[in-house]
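One letter stands for each residue in the lines below.
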Amino acid sequence: MEDKMWSECEGPEMSLVCLTDFQAHAREQLSKSTRDFIEGGADDSITRDDNIAAFKRIRLRPRYLRDVSEVDTRTTIQGEEISAPICIAPTGFHCLVWPDGEMSTARAPEGLRWFQLYVHPDLQLNKQLIQRVESLGFKALVITLDTPVCGNRRHDIRNQLRRNLTLTDLQSPKKIDALTEVVAAVKGKIEVYLDGGVRTGNDVLKALALGAKCIFLGRPILWGLACKGEHGVKEVLNILTNEFHTSMALTGCRSVAEINRNLVQFSRL
């Protein structure tokens, strides 16, 4: 039954042109418990919903009469060049939506590999794990700090999912409203990344204009994986990159270095 679902999802009749298309199609393919697990947040899911709504309150200022025949989306993170400031956030249990799970996700992008580390009380175990991922070519550690306890994910409780099946990373409290405060606080000493609520190329540009070095995608990656496996993840990344390229052109930015705070204004509504 599962093989049939995945083969149908890859059919040529699909026309998915934006991230919300992938979201809608993934919802049709996944079981209710898996769908709830991916889409759900903690308690009333206020943070999850606010992350998306916050981007809609920001407006971009178009700039005209600039030569944007060539637009370069490349940037650097931690001194390494990447093709666009769009990365995959650390999430888990991808096998819930595709047979080989994280293996397909990892094959999709080109670029750096970072490793998410949940710090274990056994320091020797942490050391061994870090040495292993370093030997495999991972360039950085993403250390989880925001889960002293598991969030109260009501859908998971109703669906009787195990308490350790908790993707707290999919509900990041770091929404774009707080971005400028974080950027101001670090005073340029470290790079700032944003994870949460990004659904369009416009959102990517808004995040960079407010000081983020790059953005990370969580749920949209799982939507792409649920629809087409590795190819779906690639499509999600390509769609967002192409949208970001268009947004840069319409705001007169020929390179990521030209993106700045003057490009955005906050809606009074």
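What this report covers is the structure whose coordinates are included nearby. If you're wondering where the values come from, they're calculated on a predicted model, not measured in any experiment.

## What to know about the sheet that holds strand β8 (residues 214-217)
Here three strands make up an open sheet; going across it, the order is β4-β8-β7 and the pairing parallel. Each edge of the sheet is formed by a strand with only one pairing partner; in this case those strands are β4 (86-88) and β7 (193-195). Looking at each pair of strands side by side, their axes are set apart by 30° on average, direction ignored. In the sheet, β7 pairs with β8 via three bridges, with the strands oriented parallel. Note on β8: the bridge partner recorded for Tyr 193 is Cys 214.

## What to know about the side chain of Asn 126
As for its placement among the helices and strands, Asn 126 is situated in helix α6 (residues 123-135). Residue Asn 126 is classed as buried on the basis of its relative accessible area of 7%. Only 2.7 Å separates the side chain of Asn 126 from the backbone oxygen of His 120, close enough to count as a polar contact. Excluding its chain neighbours within four sequence positions, the residues that come into contact with Asn 126 are Leu 117, Tyr 118, Val 119 and His 120.

## What to know about the packing of aromatic side chains
Evaluation of the coordinates by the stated rule reveals five aromatic pairs. Between Phe 115 and Phe 138, the aromatic rings sit 5.9 Å apart at their centres with planes inclined by 85°, giving edge-to-face as the arrangement. Residue Phe 115 is found in strand β5 (residues 114-117), and its partner Phe 138 is found in the loop between α6 and β6 (140-143); the two are separated by 23 residues along the sequence. Judged by its relative accessible area of 21%, Phe 115 falls in the partly exposed class. Owing to a relative accessible area of 27%, Phe 138 belongs among the partly exposed residues under this scheme.

Rules used in this analysis
- Residues numbered from 1 in each chain as written.
- Predicted model: local features only at pLDDT ≥ 70, side-chain atom pairs only at ≥ 80, totals over all residues.
- Heavy atoms only, no water.
- Pairing = 2+ DSSP bridges.
- Helix = DSSP H or I, 4+ residues; strand = E, 2+ residues; numbered from the N terminus.
- Axes fitted to C-alpha atoms, helices over the stretch in contact; angles between N-to-C directions.
- Buried < 20%, exposed > 50% of the residue type's maximum accessible area, 1.4 Å probe, protein only.
- Polar contact = N/O pair within 3.5 Å; in protein donor to acceptor, adjacent residues only side chain to side chain.
- Contact = heavy atoms within 4.5 Å.
- Phe/Tyr/Trp six-rings, centres within 6.5 Å; stacked < 30°, edge-to-face > 60°.

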